[in-house]
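Fold and contact review
These are the residues of each chain, in order.
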Amino acid sequence: MKYSNPIILSDYSDPDVIRYKDSFYLIASSFNHTPGIPVLKSKNLVDWKIINYVYDKIPFERFNNVCHGDGSWAPSLRFHNGLFYAIIPFPDEGIYVSCTDDIDSGNWSELWCLVDAKGLEDPCPIWVDDKCYLAVGFVKSRIGFNSMLGLFEVTPDLKKVISPYKIIFDGHNTQPTIEGPKFYYKNGYYYIMAPAGSVKTGWQTCLRSKNVYGPYEEKIVMCQNDSKINGPHQGALIDINKNSYAFIHFQDKGAYGRVIHLQPVKWINDWPICGNVKDELLPGTPYDEHDYLIDKKSIFKIPVSDDFKVKELSLIWQTPANKQKGWYKLDNGLHLYCYYHNNEAYNALNKTPNLFLTKIALNAFTVKTKCILDLKNDGDEAGFTYMGSQYHYICIKNIKGVNHLQLKEGYFNQDNDVILFDSIYNNYDIEFMMKFSDDCTYQLGFNGTYFKQKFIATPGRWVGGKYGIYAKGLKALGQAIFEYFKVRKVSK
C-alpha cells in the first residue's frame, strides 16, 4: 500500500505525536479557537480520527472575545509514569499543563501553570533519571529575541520550576528563527528536533549532545530540495518500533493551513535523516508518496459533514473564542440563537465569538447547509461564512421586520463589514452554498444559484481559512435552525 502526502489536508499546525502501545496520538495548536488542542488517534500514521480536545475553554477572560492568533501555540505530548501530559504555551500568559490517565476518553485535568512568564513558546519536557528538563523557544514580539533555545529544570510532575532557563543553543548564525524543540533520547544522545529558517521556506534541524545542557552539534536533516513541499519542518520523531522511526511535520499551504505530512526516517551515523535520502551527506527530501510505514488498514477518518442528529456538538466545530451558555442547542437540528456579544462583534463578523467554524479538509469541494429562519427582531441575522484575514459571507438579516438577503465582505483590520449585495428575501428557509476550487478561490450562493463573484481564500492569523455558520442579533430572542451541513468533494 502507498500513501500520499499530505496525509491530513487540514490545518493541524505544529503537530506532536507519540506512540502508546499499538496506537499513535497527535496533538496540535489551536490558537484562539475552542475547544482547544485537538487530540487525534491513528493505528498506521496515515489514517486519523479526532477523539477529543484537551480543554473546553481558554482560562483567561480576554478569550471571551476574539483574539486572532493568540491563545495556545505549539504544544507537546508526552507519556510518563502512567500519565499523558499536554504541555501548552500561551505566549502572553505562560506555559500550562494538563494531564490524563486515559487519552482515549479524554477527561483532561484543568490547566495548571508551570511557568508564569511572557514570550515563551513550544515547550517540550524530557525526564532524565529522577529529574525533568523543559526545552523552550522564544517569541521575539513578546520577549525581544528569538533564534535561541532555552532549558528549564522543572519538577518531574511538571508542577514547578526548579531553576530558571539557560540558553543551550544559539541559532542566529546557522539556524535563524530556530524554534519548536522536541526532546528525545537515543543511543546515549539527547536529541532536539527543531525547525529553523521560517515557516514557509524553512527546514528541519536536529541537535544532539551527550549532555542535556550541551554543547549541541547541529545538522539539517530535511529541506525542500527539489520537491514541491515547501518549508517541511516542525513536528515529531516517532518510534514505530525499536528499529523503525518516522517523522510527522507540517507544510504551510496558505488558506488550507498547515497540513500534515509523514516521512520515513533513516538513521545515518546517529543522525535521523528524514524523507528521501538521495545522498547520505545531505538533508533528506520530503516524499510526495511512499509505502505505508505500518502495513495496517484502518477505517479512521476525520468527518467533514454534520447532520446535527446527535446530542453533542461534533468535534469538527470550533468557535474563535470561548463558548458561552445560550449560544446554541441540538434538538432536531442545530439551533443557533441570535446572541448579542458587543457592538464590535455585531458590526464585524471576524470579531464575533459565536461563529461555528470547521477546517478546510479537501482540495476542492462544495458546501450546502439548510437553515430554517426564525428571526424575530430587528437586527437578527443568520448566515454562512468563509473566514480568513479577508472574508465574505452570505446572510439573512431582519431589518425593521423585513428579511434581507445580503452578501458582505470584511477584513481583520476593519471595524465594519461592507455590504456587496442586498435584496428582500421572503422565504422562511434558505440553503446557503459555497463552491471552493483548488486554485483557492470560492463562490457563495443560495438555493441552487451562486453569485458570479469569485473571492480569493486567505488564511487567518497563524491558521488556515475556516468556514461555517452563525447567528447573531441585538436581543438574543431569534434563532436559526440548521438542519444539515453537507460537504462534498469535487473531483477534477
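Here's what I pulled together on the structure shown here. (Residues numbered from 1 in each chain as written. Predicted model: local features only at pLDDT ≥ 70, side-chain atom pairs only at ≥ 80, totals over all residues. Heavy atoms only, no water.)

**Remarks on the pattern of salt bridges**
- Counted by the stated rule, this structure contains 20 salt bridges.
- For the salt bridge of Asp 92 with Arg 62, the shortest nitrogen-to-oxygen distance reads 3.2 Å. With a gap of 30 residues between them, Asp 92 in the loop between β7 (83–90) and β8 (94–100) and Arg 62 in the loop between β5 (48–55) and β6 (76–80) connect regions that are remote in the sequence.
- Take Asp 92: its relative accessible area is 23%, and that puts it in the partly exposed class.
- Judged by relative accessible area, which is 30%, Arg 62 ranks as partly exposed.
- Across the pair Lys 370 and Glu 483 runs a salt bridge, and its minimum N-O distance is 3.8 Å. In this pair, Lys 370 sits in strand β26 (residues 365–374) while Glu 483 sits in strand β36 (residues 479–489), placing the two residues 113 residues apart along the sequence.
- Residue classification places Lys 370 among the partly exposed residues on the basis of a relative accessible area of 23%.
- Judged by relative accessible area, which is 33%, Glu 483 ranks as partly exposed. (Salt bridge = Lys/Arg side-chain N within 4 Å of Asp/Glu carboxyl O. Helix = DSSP H or I, 4+ residues; strand = E, 2+ residues; numbered from the N terminus. Buried < 20%, exposed > 50% of the residue type's maximum accessible area, 1.4 Å probe, protein only.)

**Things to note about a positive patch on the surface**
- Side chains of Lys 309, Lys 368, Lys 486 and Arg 488 sit close together on the surface and give a patch of like positive charge.
- The topology assignment puts Lys 486 in strand β36. (Patch = residues over 30% accessible without salt bridge, like charges linked within 9 Å, V, L, I, M, F, W, Y side chains within 5 Å. Areas by Shrake-Rupley, 256 points an atom, 1.4 Å probe, with all protein chains shown as cover. Lys, Arg positive; Asp, Glu negative; His and termini not counted. Charge placed at Lys NZ, Arg CZ, Asp CG, Glu CD.)

**Focus: the nonpolar core**
- Counting 47 residues, the largest nonpolar core has Phe 384, Met 434, Phe 436 and Tyr 467 as its most contacted members.
- Non-local contacts of Met 434, meaning those with residues more than four positions away in its chain, are made with Phe 365, Thr 366, Val 367, Phe 384, Tyr 386, Tyr 442, Gln 443, Leu 444, Tyr 450 and Tyr 467. (Core = buried A, V, L, I, M, F, W, Y, C linked by side-chain atoms within 4.5 Å. Contact = heavy atoms within 4.5 Å.)

**Side note on the side chain of Asn 52**
- Position of Asn 52 relative to the elements: it lies in strand β5.
- Exposure remark for Asn 52: the relative accessible area of 7% places this residue in the buried category.
- Here the side chain of Asn 52 touches Asp 104 through a polar contact of 3.5 Å, landing on its backbone oxygen.
- A distance of 3.2 Å separates the side chain of Asn 52 from the side chain of Trp 108, its partner in a polar contact. (Polar contact = N/O pair within 3.5 Å; in protein donor to acceptor, adjacent residues only side chain to side chain.)

**Side note on the sheet that holds strand β4 (residues 36–42)**
- Read from one edge of the open sheet, 4 strands run β2-β3-β4-β5, paired in antiparallel fashion. One side of each edge strand has no neighbouring strand; the edge strands of this open sheet are β2 (16–20) and β5. Neighbour-to-neighbour, the strand axes of this sheet turn through a mean angle of 25°, independent of strand direction.
- Of the strand pairs in this sheet, β2 and strand β3 (residues 23–27) are connected by 5 bridges, and their pairing is antiparallel. Paired with Ile 18 across the strands is Tyr 25, a residue of β3. (Pairing = 2+ DSSP bridges. Axes fitted to C-alpha atoms, helices over the stretch in contact; angles between N-to-C directions.)

**Some words on the sheet that holds strand β29 (residues 402–411)**
- One open sheet accounts for 6 strands, arranged β25-β35-β27-β28-β29-β30; its pairing is antiparallel. The open sheet terminates on both sides in strands that have one partner only, identified here as β25 (355–359) and β30 (418–424). The mean inter-strand angle of the sheet, taken between neighbouring strand axes irrespective of direction, is 15°.
- Inspection of the sheet shows strand β28 (residues 390–399) paired to β29 by 10 bridges, in the antiparallel sense. Within β29, the position partnered with Tyr 393 by the bridge is Lys 408.

**Focus on the environment of Asp 378**
- One can find Asp 378 in the loop between β26 and β27 (381–387).
- Classification of Asp 378 as partly exposed rests on a relative accessible area of 44%.
- Taking the C-alpha atoms as reference points, Asp 378 and Asn 398, 20 residues apart in sequence, are found 5.1 Å from one another.
- Within polar-contact distance, the side chain of Asp 378 engages the backbone nitrogen of Lys 400 at 2.8 Å.

**Focus: the packing of aromatic side chains**
- Under the counting rule described, the total for this entry stands at 40 aromatic pairs.
- Note on Tyr 256 and Phe 436: the rings are 5.9 Å apart at their centroids and 75° apart in plane angle, and the pair reads as edge-to-face. Highlighted residues: Tyr 256 in the loop between β19 (244–252) and β20 (258–268) and Phe 436 in strand β31 (residues 429–436), separated in sequence by 180 residues.
- The class for Tyr 256 is buried, based on a relative accessible area of 5%.
- Assessed through its relative accessible area of 1%, Phe 436 is described here as buried.
- An angle of 15° between the planes, with centres 6.0 Å apart, marks the rings of Tyr 467 and Phe 485 as stacked. Separated by 18 residues along the polypeptide, Tyr 467 in strand β35 (residues 466–472) and Phe 485 in strand β36 bring together distant segments of the chain.
- What makes Tyr 467 buried here is its relative accessible area of 1%.
- Grouping aromatic residues by their ring pairs yields a cluster made of Tyr 256, Phe 308, Trp 317, Phe 365, Phe 384, Tyr 386, Phe 436, Tyr 442, Phe 455, Tyr 467 and Phe 485.
- Here Lys 210 stacks its cationic end above the ring of Tyr 189, 4.2 Å away from the centre of that ring.
- Lys 359 extends its terminal NZ or CZ atom over the ring of Tyr 12, reaching a point 4.7 Å from the ring centre. (Phe/Tyr/Trp six-rings, centres within 6.5 Å; stacked < 30°, edge-to-face > 60°. Lys NZ or Arg CZ within 6 Å of the ring centre and 35° of its normal.)

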